[in-house]
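# Descriptive structure summary
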Amino acid sequence: LRYDLLPWEVLEALATIYTYGLTKYPANTWQEVELERIKAAAMRHEVERDKGNLIDPESGYPHSFHSLWNRAVIAYHDAQKLKDSDDWARTTSYI
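Here's a quick rundown of the structure. (Residues numbered from 1 in each chain as written. Predicted model: local features only at pLDDT ≥ 70, side-chain atom pairs only at ≥ 80, totals over all residues. Heavy atoms only, no water.)

Roughly 660 Å³ of internal volume is contained in the largest pocket. In terms of lining residues, the largest pocket is bounded by 25 residues, among which Gly21, Lys24, Tyr25, Trp69 and Asn70 are the most central. Looking at the lining of the largest pocket, the elements with two or more residues in it are α1 (8-21), α2 (35-50) and α3 (63-82). Among the elements that take part in the lining of the largest pocket, α2 stands out by supplying six residues, more than any other. Partitioning the lining of the largest pocket into residue classes produces twelve nonpolar, seven polar and six charged. (1 Å grid on protein atoms, 1.4 Å probe; cavity = no way out; pocket = protein on both sides within 12 Å on 5 of 7 lines; lining within 4 Å. Points joined across faces, edges and corners; volume = space filled by probe spheres on them. Helix = DSSP H or I, 4+ residues; strand = E, 2+ residues; numbered from the N terminus. Nonpolar A, V, L, I, M, F, W, Y, C, P; charged D, E, K, R; others polar.)

Within the chain, asparagine 28 stands out as a residue other than glycine whose phi angle is a positive 65°. Summarising the element assignment, asparagine 28 is placed in the loop between α1 and α2.

So, about the packing of α2 against α3. Angle between the axes and distance between the axes: these two values describe a pair of packed helices. In the contact formed by α2 and α3, the axes pass within 8 Å of each other and the chain directions differ by 150°. The angle between α2 and α3 places the two elements in the roughly antiparallel class. Crossing of α2 against α3: the hand is left-handed. Here Leu35, Ile38, Lys39, Ala41, Ala42, Met43, His45, Glu46, Glu48 and Arg49 of α2 lie close against α3, whose contacting residues are His63, Ser64, His66, Ser67, Trp69, Asn70, Arg71, Val73, Ile74 and His77. (Axes fitted to C-alpha atoms, helices over the stretch in contact; angles between N-to-C directions. Parallel < 35°, antiparallel > 145°, perpendicular 65-115°, else oblique. Left-handed = near helix turned anticlockwise from the far one by under 90°. Contact = heavy atoms within 4.5 Å.)

Here the focus is the packing of aromatic side chains. What describes a pair of aromatic rings is the distance from one ring centre to the other and the angle between the planes of the rings. Scanning the model with the defined rule gives five aromatic pairs in all. Where tyrosine 18 meets tryptophan 30, the ring centres are 5.8 Å apart and the plane angle is 75°; that geometry is what we call edge-to-face. Here tyrosine 18, found in helix α1, pairs with tryptophan 30, found in the loop between α1 and α2; they are twelve residues apart in sequence, far enough to count as distant. The class for tryptophan 30 is buried, based on a relative accessible area of 13%. Seen from their ring centres, tyrosine 20 and tyrosine 61 are 5.8 Å apart, and the 70° between their planes marks the pair as edge-to-face. Here tyrosine 61 lies in the loop between α2 and α3 and tyrosine 20 lies in helix α1, a separation of 41 residues in the sequence. One aromatic cluster is present, formed by Tyr18, Trp30, Trp69 and Tyr76 through successive ring pairs. (Phe/Tyr/Trp six-rings, centres within 6.5 Å; stacked < 30°, edge-to-face > 60°. Buried < 20%, exposed > 50% of the residue type's maximum accessible area, 1.4 Å probe, protein only.)

Honestly, that's just the spatial picture; any functional story needs more than this.
Structure follows, in C-alpha cells:
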C-alpha cells in the first residue's frame, strides 16, 4: 500500500475533526458510538454541504471534514469486522 499517495490535506482534515471532538468528548469514545448515529451524522453533513453550506456553524469546520470523519469511523468498524478474514487480505493487498 502506498500511504504516501494520501493527500496531506485529507489527513489534516481527519486530524482536525478528531481533535475538535476532544472539546466535546473524552478521547477514543467514538469507538463506542452506535454506527447508526455515525451514519446519520455523515448524511446530515453531506446534505448541508450539498445545500451549499460549506461550514458547520457549531464547529466552524467544513461539513466535508465532518463527513469524512464519519465515513472513516464507518470504515474503521468495517475493518474491525473484516480484519481476521480472507476478505481483509484481499481488500488491503496491492493489485
